[in-house]
Amino acid sequence: MRSRITCSLVGDAMVGKSRLLASFLGQNIIDLYAPTVFSTLKGIMKVGEKQLKVKFVDTAGQQEYSRLRAFSYKKSDVFILCFSAIDRLSFERIRSLWIPELERNVGKKVPIFLVATHKDLKYDANVKKCTCIVSTSEGERLAAEIKAEGYFEVNTVDYCCARKIFECAMCGVLSNRKGCFRTLKKYFSSRH
Ligand SMILES: Nc1nc2c(ncn2[C@@H]2O[C@H](COP(=O)(O)OP(=O)(O)OP(=O)(O)O)[C@@H](O)[C@H]2O)c(=O)[nH]1
Ligand SMILES: [Mg+2]
């Protein structure tokens, strides 16, 4: 088994990073919001025939924890970068805050997967009335702009979607290690 893969989840507070990870890990989903400070979890993940040692790092979206977050960046092999499809500010901050923060602190070429959460609320009539939702094409354009390896739209409670994201993330790391940073364009919203 190769060395451990570190997979970090980043993005604004309340976008659903912890719920996405909990869903993938089969943990009980509690809908009450509990802000993360910093949380790590180690385990073995099976991708195809491969058994991979993985460390998941769930970071805080709140700005007061930026130094703590940056501490984990250098050891990360892949980033799951999240915004909420019903929170335009979290989408805009991918460009204005998160990509610059990663560029400042990562220091190597690392695959990024862009994830839009709250897909289930995106088409809700009441939500649409009071917020300017982020469309799939806007998400795809941003993914292309930041050279993300994949773009996904999910309801984070959906285990299959969560699994797909983490599997693609692991494949991205393996390709990166082989030196063939192939593009894994996996659009997983309306197209899966
Ligand atoms: N309906 C719906 N609710 C979601 C979704 N993703 C997250 N939530 C809810 O949004 C709230 C915030 O989710 P968290 O996973 O705690 O957010 P976070 O990004 O980890 O936030 P920080 O730890 O503060 O950075 C919780 O109440 C979740 O249940 C989603 O896809 N759909
Ligand atoms: Mg969290």
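Preceding this paragraph is the structure being described.
Everything numeric in this text was worked out from a predicted model, so none of it was measured. (Residues numbered from 1 in each chain as written. Chains lettered and ligands numbered in written order. Predicted model: local features only at pLDDT ≥ 70, side-chain atom pairs only at ≥ 80, totals over all residues.)

Student: When you look at the overall build of the protein chain in this model, what are you seeing that I'm missing?
Tutor: Check the secondary structure of the protein chain and you find seven helices and six strands. Listing the helices and strands of the protein chain from first to last along the sequence gives β-α-β-β-α-β-α-β-α-α-α-β-α. What you see for the protein chain is a C-alpha radius of gyration of 16 Å, in line with the 16 Å of a compact globule of 192 residues. Dimensions of the protein chain, computed from the C-alpha atoms along their principal axes, are close to 50 × 35 × 35 Å. Within the protein chain, buried positions represent 40% of all 192 residues. In the protein chain, 76% of the contacts between residues at least 6 apart in sequence involve partners at least 24 apart. (Helix = DSSP H or I, 4+ residues; strand = E, 2+ residues; numbered from the N terminus. Rg over C-alpha atoms; globule rule 2.2 N^0.38 Å. Buried ≥ 20, exposed ≤ 12 C-beta atoms within 10 Å, placed from the backbone. Contact = placed C-beta atoms within 7 Å.)

Student: Would you mind showing me how to read the pairing of strand β3 (residues 50-59) here?
Tutor: Residues in a regular strand project their side chains so that they alternate between the two faces of the sheet. As judged from the five bridges shared by strand β1 (residues 5-11) and β3, these two strands associate in the parallel manner. In the sheet register, C7 faces β3, and the bridge partner there is F56. Pairing of strand β2 (residues 38-47) with β3, which is carried by 10 bridges, proceeds in the antiparallel orientation. Bridging across to β3, L41 finds its partner in F56. (Pairing = 2+ DSSP bridges.)

Student: Just to check I follow, could you spell out the pairing of strand β4 (residues 78-84) for this structure?
Tutor: Counting buried residues along β4, seven of its seven residues qualify, which places the element largely inside the surrounding structure. Side-chain alternation along β4 places V78, I80, C82 and S84 on one buried face and F79, L81 and F83 on a second face that is also buried. As judged from the five bridges shared by β1 and β4, these two strands associate in the parallel manner. Each residue of the ladder has a partner; that of S8, found in β4, is F79. Crossover connection from β4 via helix α3 (residues 88-105) to parallel strand β5 (residues 112-117): handedness right-handed. (Right-handed = clockwise from strand over helix to strand, strands pointing away.)

On their own, these measurements won't tell you what the molecule is for.
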